[in-house]
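Close look at the chain arrangement
In case you want the letters, here they are:
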Amino acid sequence: MITTNRKLIDRAFRSIMITMMITGIIAMIGSFIDSLIIGNFLGSKALAAFGYASPVYMIIAALGSILANGGKVLCSVYIGKNDTKAVRENFTVSCIATLVIGIVVTIVCLTAATPLALLLGAKGELTAATAAYIRGLGIGAVPILFMQVLSNYICLDDAEKLVFLSVLGMTVVNVTLDIFVALVWHNGLLGMALATSASYTVSVMIMAVYFRRKNRLFVLKKPSRFGKECGSIFATGFPNVVSKLSISFTNICLNKILFSCGGVSAVSAFSVQSTIFMFVNSAFAGLSSGVSMFSGIYYGEKNKNALKKLLAVALKYGFLLSFSIGAVTLLLAPQLAGWILKGDAATMSLAAQSIRFLSISFPLETVILSLTYYYLAVKRITISNILCAVYRFVLNVLCAWIFSMVFGINGVWFSYFAAGVFTLPVLLLLLLPYSKGSKGMEYLLALPRDFEEPEDQILEISMNDNMDHVIRFVSQVRDFCREKGLEEGKNLRICIAIEEMVGNIVKHGSKGKKANNIDIRILIGKDEIAITIRDNGIRFNPLLYSIREDQYGLQLVQGITKKMDYNYIAGTNCVHILI
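A word on the overall build of the chain. Counting secondary structure elements, the chain contains 21 helices and five strands. Taking 2.2 N^0.38 as the reference for a compact globule, 579 residues should give roughly 25 Å; the C-alpha atoms of the chain span a radius of gyration of 26 Å, in line with that estimate. Looking at the chain as a whole, 55% of its 579 residues are labelled buried. Split by element, the accessible area of the chain, about 24,600 Å² in all, is 65% carbon and sulfur. Between the averaged position of the 52 positive side-chain charges in the chain and that of its 35 negative side-chain charges there is a distance of 6 Å.

Right, let's talk about the packing of aromatic side chains for a bit. Counted under the stated rule, the structure contains 18 aromatic pairs. Ring centres 6.5 Å apart and planes at 45 degrees place the aromatic pair phenylalanine 13 and phenylalanine 294 in the tilted group. In this pair, phenylalanine 13 sits in helix 1 (residues 6-42) while phenylalanine 294 sits in helix 9 (residues 226-301), placing the two residues 281 residues apart along the sequence. Neither residue differs from the other here; phenylalanine 13 and phenylalanine 294 are each classed as buried. Between tyrosine 374 and tyrosine 375, the ring centres sit 5.2 Å apart and the planes meet at 70 degrees, which makes this aromatic pair edge-to-face. Each member of the pair, tyrosine 374 as well as tyrosine 375, carries the same accessibility label: buried.

Our next topic: the environment of tryptophan 185. Relative to the helices and strands, tryptophan 185 is located in helix 7 (residues 160-185). Relative accessible area serves as the criterion here: at 44%, tryptophan 185 is assigned to the partly exposed category. Distance in space between the C-alpha atoms of tryptophan 185 and valine 367 is 47 Å, their sequence separation being 182 residues.

Another point: a nonpolar patch on the surface. The grouping of Phe41, Ile179, Phe180, Leu183, Val184 and Trp185 at the surface amounts to a nonpolar patch, some 580 Å² of accessible area in total. Counting residues per element, the nonpolar patch draws most heavily on helix 7, which supplies five residues. With respect to the secondary-structure elements, phenylalanine 180 resides in helix 7. Residue classification places phenylalanine 180 among the partly exposed positions, given a relative accessible area of 37%.

Another aspect to go through is the sheet that holds strand 4 (residues 563-569). Sheet strands associate in pairs through backbone hydrogen bonding, adopting either a parallel or an antiparallel arrangement. If you walk across this open sheet you meet the five strands as 1-2-3-5-4, and the pairing is antiparallel. Single-partner strands in this sheet number two, and they are strand 1 (458-464) and strand 4. The average undirected angle you get between the axes of adjacent strands in this sheet is 10 degrees. Bridge count for strand 4 against strand 5 (residues 572-578) is seven bridges, and the pairing is antiparallel. In the sheet register, isoleucine 569 faces strand 5, and the bridge partner there is threonine 572. Here helix 18 (residues 467-483) sits on the sheet and contacts strand 1 and strand 2 (517-524); the angle it forms with strand 1, its principal contact strand, is near 175 degrees.

Turning next to the pattern of salt bridges. Per the stated rule, a full pass over the model turns up twelve salt bridges. The shortest N-O distance in the salt bridge between lysine 308 and glutamate 442 comes to 3.1 Å. Placement of the pair is lysine 308 in helix 10 (residues 304-331) and glutamate 442 in helix 17 (residues 441-445), with a sequence separation of 134 residues. Between lysine 484 and glutamate 483 there is a salt bridge, with its nearest N and O atoms 3.7 Å apart. Accessibility expressed as a relative area gives 25% for lysine 484, which makes it partly exposed. Under the relative-accessibility criterion, glutamate 483 is labelled exposed at 60%. Connected via shared salt-bridge partners are Asp10, Arg14 and Lys316.

With that out of the way, let us pick up the nonpolar core. With 141 residues, the main nonpolar core has Phe13, Phe218, Phe294, Tyr374 and Tyr375 as its most contacted residues. Of all the elements, helix 9 adds the most residues to this core, at 21 residues. In terms of nonpolar packing, the next biggest core, distinct from the first, is built from 32 residues, Val502, Ile505, Ile520 and Ile522 among them.

Attention now goes to helix 13 (residues 362-377). Compared with the 22 Å implied by 1.5 Å per residue over 16 residues, the 23 Å span of helix 13 between its first and last C-alpha is a close match. Among the 16 residues in helix 13, 16 count as buried, and that is most of the element. After helix 13 finishes, the residue lysine 379 shows a positive phi value of roughly 70 degrees.

Attention shifts here to the pairing of strand 4. Judged by how many residues are buried, strand 4 sits mostly within the fold: six of seven residues are covered. Turn length for the strand 4-strand 5 hairpin, with the two strands adjacent in sequence and antiparallel, is two residues, and the turn residue alanine 570 shows positive phi of about 50 degrees.

The rules behind these values
Residues numbered from 1 in each chain as written. Predicted model: local features only at pLDDT ≥ 70, side-chain atom pairs only at ≥ 80, totals over all residues. Heavy atoms only, no water. Helix = DSSP H or I, 4+ residues; strand = E, 2+ residues; numbered from the N terminus. Rg over C-alpha atoms; globule rule 2.2 N^0.38 Å. Buried < 20%, exposed > 50% of the residue type's maximum accessible area, 1.4 Å probe, protein only. Areas by Shrake-Rupley, 256 points an atom, 1.4 Å probe, with all protein chains shown as cover. Lys, Arg positive; Asp, Glu negative; His and termini not counted. Charge placed at Lys NZ, Arg CZ, Asp CG, Glu CD. Phe/Tyr/Trp six-rings, centres within 6.5 Å; stacked < 30°, edge-to-face > 60°. Patch = residues over 30% accessible without salt bridge, like charges linked within 9 Å, V, L, I, M, F, W, Y side chains within 5 Å. Salt bridge = Lys/Arg side-chain N within 4 Å of Asp/Glu carboxyl O. Pairing = 2+ DSSP bridges. Axes fitted to C-alpha atoms, helices over the stretch in contact; angles between N-to-C directions. Contact = heavy atoms within 4.5 Å. Core = buried A, V, L, I, M, F, W, Y, C linked by side-chain atoms within 4.5 Å. Expected span 1.5 Å × (residues − 1).

Structure, rendered in structure tokens:
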């Protein structure tokens, strides 16, 4: 009876993906409304100044992305290793780095706003407006960075709904303040930037509710290796910067190619396509968040089977998501173009065509996105960086340049899909040194040969919350341990621990009429036995209840084990036991 780990992985992944997807879309809507209000109420000059200042926000967002994603991935690995001390030190290092970088950015923006505006290309009367927006944005650098960092961390402690509420609150505050700035207070771009800064501050304040939890995972702890951990966070988060820079350079190159093919109309159509791409990417962010989070946890556990099933689940939901969104954008391309741009018939036709071509690239986008974040989590950072650069920039620009000479503007639109197709063989070549001799999904895993103990040293099973199943499994465990030559005393401790812990889940973890799924994994190592028990029942931390006098069973388990840890992520309890 070997577990597939599929049901629990599927449910947990879906929970995180949907919440983070909706969160990303709401955040993108807020940013989109910013530009709409500036363009419609403050005028074209203000919109131009806003455009000149936008790279400052992108730089702040990129710094936050490094800290947030790098920290989250490393923290996921530590959770998988059951190293609570490392988790908290990692969180502390990330918070200190965020605060220091945020303060530096604020000082630079306030003291060098005008030179920055000139450097970004602002001229004449636009310089002052651009500098004003940079100052207002700089004031909010610390909360802008902390919003990204905290949202990624606390999702690892079952707080994704709180993150959703914080983003919703941020968007409502931002839009409300934008309207007041534009129509009542008439504060111009400085007021718009301050509204953005205030909205991020509100978001961080909402997320700070998490720290009122008594038994939260993340608390500040003096780090023992600040420099090394900080370097690891930046190194792990760097692929996000590679991706953003690649997209930026690609847009510059494609604008030039399109201008030579179709003039201003083609460039305008491309701006529409880029806007749609940003919205779609905000939806796909939920997919990448789930992949990086769970890949890190299972990598830390050294659970190859779970990683394999996770990739299968991620690709399944990636395809469902991409085909659904792709179908909508394909059918509604003219309407979507009309919502974003008001232009002549030729320009609108080009914009609709660009959206149609973009929609067919979504399935490959989700495949490459899932794999990029998977390799980031399993410490194949070089593969992740190369994958980003090759797909987002090198092949995209190369395909656009070659196909534009043959098919004109349509050749440029087709370049996204073509880049995805040509990236796949490049990926297979990159994986060759790591996966030689492997087949199918295992080829994609790119794991070290000694990543996991031999399969015959592992026993896995999935069951429902049925006590008869528990009794049968305990008997199977006893036979398995005897087969591996374990002494009877250790065999007995393993069986007691499993019967008590799983029995508690069956008796007390029910969510009503709905049956719970329970996954159990036993790994017999050279020096110790590792037991992992997961279930999707009600939240139950055995470490808290074992201190009660009436909980004899839990006290017994703690007494006969070397170590016991607990975490709760995406509606799933997880207990790690070492014997």
